[in-house]
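# Architecture and fold: a report
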Amino acid sequence: MNSDDRQNHYDEEEDVEETFVDDDDVADVVNYEGEDGMAMDDDEDDDNEDGGERGEVLLEDDSVQGFFAHKEPVFSVDLHPTQQNLVVSGGGDDRAYIWQLDTGEQVAELSQHGDSVSAVRFSSDGSLVATGGMDGKVHVYSVDKREQCATLDGPDEIQFIDWHPKGNVLLAGAQDTSLWMWSLPTGDFMHVFAGHSAPVTCGRFTNSGRNIVSGAEDGSLIVWDPKTAAIVRQFTSQDERFHQGAITSLAIARDDQVILTGSVDATAKLVHVNGSILGSLGNATESVEAVGLCDVLPLAATGSVDGSLSVWDINTMRLRATLRHDDSVTRVLWHEASPMLTSVSMDCSVRTWDARTGECVRVWRGHQAGIMDLALTRDGRTVVTASDDGCCLVFAE
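Per an unreviewed UniProt entry, the protein chain goes by 60S ribosomal subunit assembly or modification protein and derives from Coemansia furcata.

## A few points about the environment of Gly173
Summarising the element assignment, Gly173 is placed in strand β13 (residues 169-174). The class of Gly173 is buried, set by a relative accessible area of 0%. Placed 29 residues apart in sequence, Gly173 and Cys202 show a C-alpha to C-alpha distance of 7.1 Å. Apart from residues lying up to four places away in sequence, Gly173 is in contact with Glu157, Ile158, Gln159, Phe160, Ser178, Leu179 and Val200.

## Focus on the sheet that holds strand β22 (residues 268-272)
Taken in spatial order, the 4 strands of this open sheet run β20-β21-β22-β23, and their pairing is antiparallel. The open sheet has two edge strands with one neighbour each: β20 (247-252) and β23 (277-281). With direction set aside, neighbouring strand axes in the sheet form an average angle of 20 degrees. For β20 and strand β21 (residues 258-263), the ladder comprises 5 bridges, and the chain directions are antiparallel. Opposite Ala251, over in β21, you have Leu260 as the bridge partner.

## So, the pairing of strand β10 (residues 138-142)
When you tally the buried positions in β10, you get 5 out of 5 residues, the bulk of the element. As defined by bridge partners, strand β9 (residues 128-133) adjoins β10 across 5 bridges and the pair is classed as antiparallel. Looking at β10, one finds that Gly132 is bridged to Val138. Where β9 folds back on β10, the antiparallel hairpin that results is connected by 4 residues, among which Gly136 adopts a positive phi of roughly 85 degrees. Following β10, the chain reverses through 4 residues before pairing antiparallel with strand β11 (residues 147-152); Arg146 in that reversal takes a positive phi of roughly 60 degrees.

## Quick notes on the pattern of salt bridges
When the charged atoms of two side chains lie near each other, side chains of opposite charge can form a pair. Tallied over the entire structure, the rule returns 10 salt bridges. Here Arg121 makes a salt bridge to Asp78, at a shortest N to O gap of 3.7 Å. One end of the pair, Arg121, is in strand β8 (residues 117-122); the other, Asp78, is in strand β4 (residues 74-79), with 43 residues separating them in the sequence. For Asp78, a relative accessible area of 13% corresponds to the buried category.

## Looking at the pairing of strand β24 (residues 288-293)
Taken across its 6 residues, β24 has 5 buried, putting it largely inside the fold. What sits between β24 and strand β25 (residues 299-304) in their antiparallel hairpin is a turn of 5 residues.

## A word on the sheet that holds strand β18 (residues 221-225)
Across the sheet, 4 strands lie side by side as β16-β17-β18-β19; this open sheet has antiparallel pairing. Each end of this open sheet is capped by a strand with a single partner; those strands are β16 (200-205) and β19 (230-235). Strand after strand, the sheet turns through a mean of 20 degrees between neighbouring axes, direction not considered. In the sheet, β16 pairs with strand β17 (residues 212-216) via 5 bridges, with the strands oriented antiparallel. Its bridge partner being in β17, Arg204 is matched across the sheet by Val213.

Each value, and the rule that gives it
- Residues numbered from 1 in each chain as written.
- Predicted model: local features only at pLDDT ≥ 70, side-chain atom pairs only at ≥ 80, totals over all residues.
- Heavy atoms only, no water.
- Helix = DSSP H or I, 4+ residues; strand = E, 2+ residues; numbered from the N terminus.
- Buried < 20%, exposed > 50% of the residue type's maximum accessible area, 1.4 Å probe, protein only.
- Contact = heavy atoms within 4.5 Å.
- Pairing = 2+ DSSP bridges.
- Axes fitted to C-alpha atoms, helices over the stretch in contact; angles between N-to-C directions.
- Salt bridge = Lys/Arg side-chain N within 4 Å of Asp/Glu carboxyl O.

Laid out in structure tokens, this is it:
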């Protein structure tokens, strides 16, 4: 089903969950083969006409809406903090868009980057939106006016962006091992943070905004002072208790005292901002790509390339449950003030879990390729996804 057909599907039949597609509609996607691996000829097709099953592909689609303007994989998606009907997405077509959650209609096409848009994010108060690209540029826009107010240069390929929780200060991490910080909407340069020796893969402001935390491919985790760009605390692979491979992801506890990191070394580490290494969480056989900390219970979640999603008690460092996807887990988000968490995977599914019991309470499908990112409404009832198939989909209870 192409993007136009899919949009018509939403317009005409809102409650449909399954769609049958004929051969002609999927000729470019599906290659029918016989048991011996040879393409079936016309005679064999005729033999199956009375069966009615061969020649049809069942596409399961639980989405209630979608956005299809991207023509390449979509890498990043975010929801407006107060106007939760506004979504921003960016992808491999070098473009970012603002669009409406309920209708899928485009609100604005943001200035084109010279390379893939790797990160998009609304500011904490929702007045601004930023897009970061592999071209090393960050574009910032006024959400209400839909006008560009700054183009920020300095780093090379942007890996992530994050807004200060209490002001219009923007942070970006780059392939060149550095982090950059600017004041908006003026675009005034504030600091460069230098301390990693390999590309910075993840980072963010702490919840209070008093520190910055970043992880890199050299296996280092650094806590920074944003006022001076000085290193407050550093964890490196020189300590055998810490990661011995690249850091892929991080999460920060609500009180900013504990940091959880995931790594290609197949472990997650729990550390305290005072410099203590609290423990190692090892249940995966391949890289840990996604981590999260619950804000109401002492629970952590770690998702791996091996398809496992592990739930941990961080008081005892004991494994509580091993949940499973059928392919790599790419992102995990805990619901706000809730023991529920939602995960997405390269298996094309969205799953919501009750971490207290390990029960999978909901499974949504609709994408035709792996899911790269997700965003949750504050009530946890609606999920927006970004996928390798070039689509953003909306799933709702």
